[in-house]
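# Summary of the model geometry
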Amino acid sequence: MAARRVAIIGAGASGLCALKCCLDEGLVPTCFERSGDIGGLWRFEEHPEEGRASIYRSVIINTSKEMMCFSDFPIPEDFPNYMHNSKIMEYFRMYAQHFDLLRHIRLRTSVCRVAKRPDFAATGQWEVVTESQGKQEVAVFDAVLVCTGHHTEAYLPLSTFPGLEKFAGWYLHSRDYKSPQSFLGKRVVVVGTGNSGIDIAVELSHIAKQVFLSTRRGTWLLHRVADGGYPFDFSYLSRFIQLVRSLLPHNASSLFLERKLNARFDHALYGLQPQHRILDQHPTINDDLPNRIIAGMVLLACQVGVKPNLLTLFLTDPKLALEVAFGPCTPYQYRLRGPGKWAGAREAILTQRQRMVRPLQTRAGDRPPRYSAVPHVFKVSFSIGLIVATLVYVLISP
């Protein structure tokens, strides 16, 4: 039987890993990228390209490197924990080269149409029409993966700003913002307190005459760096903390986190205190990932069959089990078992703290500090309880 052909639309972060996974499964993928390079959202260009997401020069990712990396390809330890867009592109190129992906990518090729073939009910095949250098081609594929992202079109509701046509200055969407130089000495209003709005307002404040930040309902601001200087998500996105949160009332979890954020700076004092609780709406990150993301990852991992079995791990590999249960919920955990199992997953998990600390230790002879997101007594108690529960289960099972 001939290998099944797969069309992948887009060579950004999702397109690259989709391409690699297809190759792992013995499929024959072809990735179509309308621009002249890989990277999607994370490839900075001085001028926005139609149909592709656009970022400003200073963009830094909101997720730390150990939490955002491809699950079978750790980011180099000397890369910063929160990477500039240029470092993300460097990582993507390393990934593409390591897994020999580039030869399966057709650059400067637009997908014009995707349609079911007349015999789709019997074959499940698709007809894909592409265009490159003014010439169209038609090809048949057994599956199509759309990896184009969702940040391609700007939302600019001009009708909600009456009198804008009389405004003597200029306005633009954050998609068109690239650098602060043209705002030197200007009075600027930034509308919206999402990640881009906050980033741009802070950047402009160093060069503009005055910057106003307009927000309709306020927002909770999380910081990239948590207590002790460790990445926020690396410290707080763990299976243990998710378990504790699931046992607490929703309001109690929200109140704890709100007090912690207000201890850093009083949101009400700065006019940012929103009416909603922090866990009821996505917060703004400017210097995280909500804990809720773990629940979604766990559900998907169960469906695919890659969720780590903590009971088995505590009996067979206690050292690894402790890191999986109490350490950050990094992508490598979903390569320990099941489809896509990776022989390097265990080592990647046990060395993730080393890679997190490495860019902070810049002098020869520096000794990395002991890191622990959870007190040792909790680890021991939890481990003993889990082992006892396992033994009881084994003894009473028929």
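The text that follows walks through the structure, step by step, so that each part is easy to find. As the structure is a computational prediction, the values presented were derived from the model and not from experiment.

### A closer look at the packing of aromatic side chains
Tallying each qualifying case throughout the model produces 16 aromatic pairs. Taken together, a centroid distance of 5.7 Å and an interplanar angle of 20° make the contact between Phe 70 and Tyr 91 stacked. Taken together, the residues span a long stretch of sequence, with Phe 70 in the loop between helix H2 (65-68) and helix H3 (85-98) and Tyr 91 in helix H3 at a distance of 21 residues. Taking relative accessible area as the criterion, Phe 70 reaches 12% and is therefore assigned buried. Between Phe 73 and Tyr 91, the aromatic rings sit 5.8 Å apart at their centres with planes inclined by 25°, giving stacked as the arrangement. With a gap of 18 residues between them, Phe 73 in the loop between H2 and H3 and Tyr 91 in helix H3 connect regions that are remote in the sequence. Note on accessibility: Phe 73 and Tyr 91 belong to one class, buried. By the ring-pair criterion, three or more aromatic residues cluster together here, those being Phe 70, Phe 73, Tyr 91, Phe 92, Tyr 95 and Phe 99. Looking at Lys 20, its charged tip hangs above the ring of Phe 99, at a distance of 4.6 Å from the centre.

### Some words on the state of the cysteines
Counted by the stated rule, this structure contains zero disulfides. Lacking any disulfide linkage, Cys 17 is separated from the closest cysteine sulfur, that of Cys 21, by 5.8 Å.

### Here we look at the sheet that holds strand S1 (residues 5-9)
Taken in spatial order, the four strands make up an open sheet running S3-S2-S1-S7, and their pairing is parallel. Each of the sheet's edge strands pairs with one partner strand only, and the pair in question is strand S3 (105-106) and strand S7 (143-146). Pairing of S1 with strand S2 (residues 28-32) involves five bridges; the strand directions are parallel. By the bridge assignment for S2, Arg 5 is matched with Val 28. Along the sheet, helix H1 (residues 13-24) contacts S1, S2, S3 and S7; its crossing angle with S1, the most-contacted strand, is approximately 170°.

### With respect to the sheet that holds strand S6 (residues 135-141)
Taken together, the three strands give an open sheet; going across it, the order is S4-S5-S6, and neighbouring strands pair in antiparallel fashion. Each end of this open sheet is capped by a strand with a single partner; those strands are strand S4 (110-116) and S6. When strand polarity is set aside, the average angle formed by the axes of neighbouring strands in this sheet is 20°. Judged from the six bridges that link them, S4 and strand S5 (residues 126-132) form a sheet pairing that is antiparallel. In the sheet register, Ala 115 faces S5, and the bridge partner there is Glu 127.

### Quick look at helix H5 (residues 195-204)
Across the ten residues that make up H5, a large majority, seven, are buried. Those residues of H5 that sit buried are Gly 197, Ile 198, Asp 199, Ile 200, Ala 201, Glu 203 and Leu 204.

### Concerning the environment of His 276
Along the chain, His 276 turns up in the loop between helix H8 (250-264) and strand S11 (284-285). Each C-alpha atom of the pair His 276 and Ser 254 lies 10.0 Å from the other, and the pair is 22 residues apart in sequence. Setting aside its immediate chain neighbours within four residues, His 276 contacts Gly 218, Trp 220 and Gln 281.

Criteria and cut-off values
- Residues numbered from 1 in each chain as written.
- Predicted model: local features only at pLDDT ≥ 70, side-chain atom pairs only at ≥ 80, totals over all residues.
- Heavy atoms only, no water.
- Phe/Tyr/Trp six-rings, centres within 6.5 Å; stacked < 30°, edge-to-face > 60°.
- Helix = DSSP H or I, 4+ residues; strand = E, 2+ residues; numbered from the N terminus.
- Buried < 20%, exposed > 50% of the residue type's maximum accessible area, 1.4 Å probe, protein only.
- Lys NZ or Arg CZ within 6 Å of the ring centre and 35° of its normal.
- Disulfide = S-S within 2.5 Å.
- Pairing = 2+ DSSP bridges.
- Contact = heavy atoms within 4.5 Å.
- Axes fitted to C-alpha atoms, helices over the stretch in contact; angles between N-to-C directions.

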